[in-house]
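# Close look at the chain arrangement
Below are the chains, spelled out letter by letter.
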Amino acid sequence: MRSGWWQHRAARRGLLLVAALTVLALAAPLLAPYDPAAQPDVVGGQLLPPSWEHPLGTDLFSRDVLSRLLYGARVSLSIAGLATLVALTVGTLVGLAAGFGSPGVDAVLMRLVDAGLAFPRMFLLLLVLALWEGASTAALIVVLGLTSWLPTSRLVRAEVLSVRQRDYVLAARALGLEPWRIVARHVLPNVAPPILVSAALGVGQIVLIEAGLSFLGVGVPPPTPSWGNMIADGQHYLTRAPWLAAAPGAALGLTVVSLSLVAEAMQDALDPRATT
Amino acid sequence: MSEPLLAVRNLSVSYHGPDGVARALDDVSLAVEREEIVALVGESGSGKTTLALALLGLLPEPAAIAPSSRIEFAGISLANADAATWRRVRGREIGMVFQDPAVSLNPVLTIGSQIAHVVRTHARCSPPTARSRAIELLDMVGVDAPQIRARQYPHQLSGGLRQRALIAVALAGSPKLLVADEPTAALDVTVQAQILQLFADLRRRLGMALLLITHDLGLVAEVAHRVLVMYAGQVVESASVEQLFTRSRHPYTRGLLGAARALEERRHRLAAIPGAPPRASAWPDACRFHPRCALAWERCRTEAPILLSAAPAHHARCWLVAEPAREGA
């Protein structure tokens, strides 16, 4: 299986891209040519186009865009990754409980999910972050995670309901396997591919939501760069300095594409019938 | 003779559905001795699978076992047993082989890991020990190159090999009784014979008992010691294989035998039993077979027959046993 994984071309590309992004984010202090918050020349160095000194130009406060992009990767990727992890964990547990529990448990959980989905997510996020004064990045992660698990739980529940009807689950029960073992060994591997694909796409979505929140002023607070607030800042100068929004936008696009490549490869790798 | 390994007494199971109550099993009694092969024969809808599921406590939600029912397995009472009892019984006392190996094996796990997993559920041992036990089991059920097969996925095996793998999974807990529900229904005729031979071998080598559930009387003749014929949720005849094939007493059994013989002799017209099996929510009154029976008379329409003794260890649920003079008529 492991060697098969690596033979998959899309998997290799996706993994290399994700690895490269992670290395760039981790090594930001070594790679960034400038301090991301430094404003060396607020009068003459504003909105400079890309040059040898500033490969991706400068922003309104004469800060180096490349440096901000690298530091922003740390913030955006860790927020998106951790929030997705929270959403995945909660969503999977709720989905398993609803799918495997009694009809009563299922009904209660799914009505709660319905109610949650009926509530506009942005509004909920704004409400929580506005009430939570001085919200830290950790709080942002928790809030983003706790508002993102609803579709995952739906997906997991639907998969569980279909898998639990299969004969091999009945066979496993007939052979004396305990319910939690059946869930862990027979149900989870079968529901994993759709969960992982939705998670990979979810990371991209959370980066975008974080961008929206930063744009509205309740996301990552200003001196700290994130791809979200960089795009938000750049929006005002789309015609005068397009590189401001284009650089973090391209980085975001690349992240989402490479994650979905990995997700697609995972889907193939986890299904032994799809031979490469 | 000591106590039988499995004794089912007066087992009644009903399903409460939206269109009334379906009595899937009605007063079924059977016994399986140690190292004995008992065959349970009947058409689809006669209650065979319900019986198998009841033996393992796997009846689906709306099913109810009547309080008077008794299921005794090696001294353990199983009718309406609790979860702890079932944990002790499933897999290690009673093993089950399901009908269709294509869907009864998990498609995303290798054969070896599925067997090893069941081994580890029932015996405390290290993963490598479980793994070598899995290969041993595959070898025992007649799989060539078990080391290679253990690393393969179900879809990479042929139907016959999959069925052997499924039997190996069922044997992983070293059960004393193996229940096989239509184990050959999804297989080619040549492979069917091999699988039945395997069951006979396994019984001899492992000293286990087998309850073979099938609709095919021809298969039964080769391996079983005793046969129970089921019709409409009831046992209608129980006899040794010899008695059943030479001196069957129930018209339904004779009909089944006639259909089987017609196939063997390649007659152009099959000797089919007229009519269709009744539905579990509306069994006919009195004798449940009388609407399809050529020999039925007034008594059959008014009075439900009980299991009557036709010979030692030979019972039939038919009034003809009580009034043999009518058979010539």
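The structure displayed is predicted, hence computed values, not measured ones.

We now examine the packing of helix α4 (residues 65–100) of chain A against helix α10 (residues 179–215) of chain A. A packed helix pair is summarised by two numbers, namely the angle formed by the two axes and the spacing between the axes. Residue and element names in this part refer to chain A. Remark: α4 packs on α10, axes separated minimally by 8 Å, with the N-to-C direction vectors making an angle of 140 degrees. Here α4 and α10 pass one another in a crossing that is right-handed. Across the interface between the two elements, Ser-76, Ile-79, Ala-80, Gly-81, Ala-83, Thr-84, Ala-87, Leu-88, Thr-92, Leu-96 and Phe-100 from α4 touch Val-183, Ile-195, Ala-199, Gly-202, Val-203, Ile-206, Val-207 and Glu-210 from α10. For the contact of α4 with α10, a count of residues per class yields 13 nonpolar, five polar and one charged.

Here the focus is α10 of chain A. Note: α-helices contain 3.6 residues per turn, so residues at a spacing of three or four share the same orientation. Residue and element names in this part refer to chain A. The end-to-end C-alpha separation of α10 is 47 Å, well short of the 54 Å expected for 37 residues at 1.5 Å each. A maximum bend of about 50 degrees is found in α10 at Leu-188, where proline Pro-189 lies one to four positions downstream. Phi turns positive one or two residues past the end of α10, at Gly-217, with a value near 90 degrees.

Moving on, we get to the nonpolar core. Leu-40, Ile-115, Ala-168, Leu-177 and Leu-212 of chain B are the most contacted members of the largest nonpolar core, which has 158 residues in total. With 16 residues, the top contributor of residues to this core is α4 of chain A. If near-sequence neighbours (up to four positions away) are discounted, Leu-40 of chain B is found in contact with Lys-48, Leu-51, Leu-211, Leu-212, Ile-213, Leu-228 and Met-230 of chain B.

Turning next to the confidence of the model for chain A. In the predicted model, chain A carries a mean pLDDT of 79, and 88% of its residues have values of at least 70. When mean pLDDT is taken per element in chain A, helix α5 (residues 103–118) of chain A scores highest with 88 and helix α1 (residues 2–7) of chain A scores lowest with 53.

This brings us to the interface of chain A and chain B. When the parts come together, some accessible area is lost, and that loss is often what is quoted as the size of the interface. Taken residue by residue, the interface counts 20 residues in chain A and 26 residues in chain B. When contributions to the side of chain A that touches chain B are tallied by element, the ones reaching two or more residues are α9 (167–174) and α10 of chain A. Considering every element that reaches the side of chain A that touches chain B, the biggest residue donor is α9 of chain A, with six residues. Counted by class, the side of chain A that touches chain B contains nine nonpolar, three polar and eight charged residues.

All right, on to unusual backbone geometry then. All names here are of chain B. Here the phi dihedral of Asn-10 falls at roughly 50 degrees; this positive angle occurs in a residue that is not glycine. Examined against the element boundaries, Asn-10 turns out to sit in strand β1 (residues 6–17). Notably, Glu-182 is not glycine yet its phi reads approximately 45 degrees, a positive angle. With respect to the helices and strands, Glu-182 occurs in the loop between β8 (177–181) and α8 (189–206).

For the rest of this paragraph, the subject is the pairing of strand β5 (residues 70–73) of chain B. Residue and element names in this part refer to chain B. The two faces of β5 differ: Ile-71 and Phe-73 on one face are buried, but Arg-70 and Glu-72 on the other face are not. As judged from the four bridges shared by β1 and β5, these two strands associate in the antiparallel manner. The partner of Arg-9 across the bridge, within β5, is Arg-70. Of the pairings in the sheet, the one linking β5 to strand β6 (residues 76–77) comprises two bridges and is antiparallel in character. Bridge pairing links Glu-72 to Ser-77 in β6. The hairpin turn running from β5 into β6, its antiparallel successor, is two residues long, and Ala-74 in that turn takes a positive phi close to 45 degrees.

Criteria and cut-off values
- Residues numbered from 1 in each chain as written.
- Chains lettered and ligands numbered in written order.
- Predicted model: local features only at pLDDT ≥ 70, side-chain atom pairs only at ≥ 80, totals over all residues.
- Axes fitted to C-alpha atoms, helices over the stretch in contact; angles between N-to-C directions.
- Helix = DSSP H or I, 4+ residues; strand = E, 2+ residues; numbered from the N terminus.
- Left-handed = near helix turned anticlockwise from the far one by under 90°.
- Contact = placed C-beta atoms within 7 Å.
- Nonpolar A, V, L, I, M, F, W, Y, C, P; charged D, E, K, R; others polar.
- Expected span 1.5 Å × (residues − 1).
- Bend = angle between axes of the 7 residues up to and from the residue.
- Core = buried A, V, L, I, M, F, W, Y, C linked by C-beta atoms within 7 Å.
- Buried ≥ 20, exposed ≤ 12 C-beta atoms within 10 Å, placed from the backbone.
- pLDDT = per-residue confidence, 0-100.
- Pairing = 2+ DSSP bridges.

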